[in-house]
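Secondary and tertiary structure notes
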Amino acid sequence: MVQGLSRVPNPPARTTTSMVVRAHLLLSALRVPDASRKFTRRIVERQLLGRRSVDMNIHEYQGKELFRSAGVKVQEGVHCKTVEDALAAYDSLGSKVVAVKSQIHAGGRGKGNLYCPNSGDLLMEGGVKIAFSRDEVETYSENILGHILVTKQTGPAGKLVSNIYVEAGCEIAHEYYLALLVDREAKQVLIMASTEGGMDIEEVAEETPEAIHKIWVNPSTGLLDSQKEDLGISLDLSGAALEDFVGMIGSLYDLFVSNDCSMVEINPLVRTKSDEIVALDAKVGFDENASFRHKEWEDLRDYSEEEPTETRANEAGLSYVKLDGDIGCLVNGAGLAMATMDVIKLYGGEPANFLDIGGGADEAKVQEAFEIILEDPNVKGILVNIFGGIQRCDIVAKAVLAASEKMGLQVPLVIRLSGTMFEEGRAIIDASDLDCTSVETLAEGAEAIVGLIGGGQ
């Protein structure tokens, strides 16, 4: 079977823009019974949002460059930004069959749809196409570049495609799934593999969990030769293919550790008709906590793929995640921020963001956080919930006033201040002309903001 003749070599069907989220949700899906899976996912989401940083993802073509440098076999391919680049790539690859792949930080590209950004018209089904001629490369490239790709992971707004990857085809004998990720509960690297490649791995975990094989790597001993071989045998590999797999998995593990990865995923990993093991996909995410020792990451970062407000917040030292609701939240402390979001939902509202200003934020930092919330056009109301410990409530009050005056507050505002210098903070708010509602408890605050924006059950 030639790549693309019977199945488009899709990237993982459900990778997310934050791969660590996918990794943890997959772990929860594998570990717990159906009845508790939903609850476990909620716990996982709370843990992830409570982290002090986000993980950094890179494009497939960048991941394959890392693979190539680590000795992992990949097909020859060329990163392209124009149709002319794609045609030149086709000419240089010398392969009659090539894959033309949209490059965005989202999964499900092969099953997505491409739309014109101006008219909204559907241009083409599938963001990963197999081309059998130079003319097809030109057609696919024209329909992909500069257009909006909508997948299950992008949401209806989709993402503008500015990069494509033209990759030589190969003769596929079988497709596999392979992933390396950090199992924080076990404090080890987990390697998962399956013979069911090219499929949604969560569906495999749900329907045929016995098809997924797992090994945990003790960081003090590293990946053992016996573990590599056992994993390959579990995939029914033998002979040259098994030998190739053993070498590849060792290289991938070394790459994972040395680059401080949060996740590496290959779907599909293939065995060719000549018994070579080749990575036809590359999903790589880095743990941004380690960015201080990887200055080279800055060259790999594509800011156009990141939420601008999240980038701005990260630069300001704020923990911010944009959500789909309409109630902005400004809170200190990850735990309190999660509790605030939960109580808002309890009273029938939907949070527009997770935002933790942390402890000891100065007035400028709090003002920056408030401005970020106000710049979200979806925000219909704001709840400020501060429990002062290290963080002083009077500093928060001054910053909220300054940001409101600067930005022009046009939405309802509810403020709850408690703890260090909360009386001084309330006095500052009360003495101002700021139109807001002051409350004593979180429950009162959530109920008030939901009511003010006309929400609730």
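Everything numeric here is computed off the predicted structure, so don't read it as measured data.

Among the residues making up helix α14 (residues 422–430), those that are buried are G425, R426 and I429. One side of α14 holds all its buried residues, which, seen down the axis, span an arc of 95°. In this structure, the buried side of α14 is in contact with α13 (393–407), β20 (413–419) and β21 (437–439).

Counting buried positions along strand β10 (residues 172–183) gives nine out of 12 residues, so the element sits mostly inside the fold. Taken together, the eight bridges between β10 and strand β13 (residues 261–272) define a ladder with antiparallel strand orientation. In the strand pairing of β13, Y176 is matched with L269. Turn length for the β10-strand β11 (residues 188–194) hairpin, with the two strands adjacent in sequence and antiparallel, is four residues, and the turn residue K187 shows positive phi of about 60°.

Quick look at the nonpolar core now. Counting 38 residues, the largest nonpolar core has F67, L178 and I191 as its most contacted members. Those elements that place two or more of their residues in this core are α3 (60–70), β10, β11, β12 (212–217), α8 (239–258), β13, β14 (277–279) and β15 (283–286). Leave out the neighbours within four places in its chain, and F67 touches V72, V74, L252, L255, V264, I266, A279, D281, A282 and V284. In this structure, I357, A369, A403 and L434 belong to the second largest nonpolar core, which totals 31 residues.

Turning to α3, its buried residues are E60, Y61, Q62, G63, K64, L66 and F67. Just beyond α3, the residue with positive phi is G71, at close to 90°.

Turning our eyes to something else, we now look at the sheet that holds strand β8 (residues 159–160). Strand order in the open sheet made by the four strands is β5-β4-β7-β8, with antiparallel pairing throughout. Every interior strand has two partners, whereas the edge strands, β5 (122–125) and β8, have only one. Bridge analysis of strand β4 (residues 113–115) against strand β7 (residues 148–150) gives three bridges, and the strand direction is antiparallel. Following the sheet pairing, N113 is matched in β7 by V150.

Take the pattern of salt bridges next. Overall, the coordinates contain 24 salt bridges when judged by the stated rule. The residue K73 makes a salt bridge to E276 at a minimum N-O spacing of 3.2 Å. Here E276 lies in the loop between β13 and β14 and K73 lies in the loop between α3 and β2 (77–80), a separation of 203 residues in the sequence. For E375, the salt bridge goes to R312, with nearest N and O atoms at 2.5 Å. In this pair, E375 sits in the loop between α12 (363–374) and β19 (381–388) while R312 sits in helix α10 (residues 308–315), placing the two residues 63 residues apart along the sequence. Look at E375 and you get partly exposed, because its relative accessible area is 40%. Since its relative accessible area comes to 21%, R312 is described here as partly exposed.

Here we take up the packing of aromatic side chains. All told, the structure shown has one aromatic pair when counted by the stated rule. An angle of 10° between the planes, with centres 4.5 Å apart, marks the rings of F286 and W297 as stacked. Residue F286 is located in strand β15, and its partner W297 is located in helix α9 (residues 297–300); the two are separated by 11 residues in the primary sequence. When sorted by exposure, F286 lands in the same class as W297, which is buried.

Analysis parameters
- Residues numbered from 1 in each chain as written.
- Predicted model: local features only at pLDDT ≥ 70, side-chain atom pairs only at ≥ 80, totals over all residues.
- Heavy atoms only, no water.
- Buried < 20%, exposed > 50% of the residue type's maximum accessible area, 1.4 Å probe, protein only.
- Helix = DSSP H or I, 4+ residues; strand = E, 2+ residues; numbered from the N terminus.
- Arc of directions from axis to C-beta.
- Contact = heavy atoms within 4.5 Å.
- Pairing = 2+ DSSP bridges.
- Core = buried A, V, L, I, M, F, W, Y, C linked by side-chain atoms within 4.5 Å.
- Salt bridge = Lys/Arg side-chain N within 4 Å of Asp/Glu carboxyl O.
- Phe/Tyr/Trp six-rings, centres within 6.5 Å; stacked < 30°, edge-to-face > 60°.

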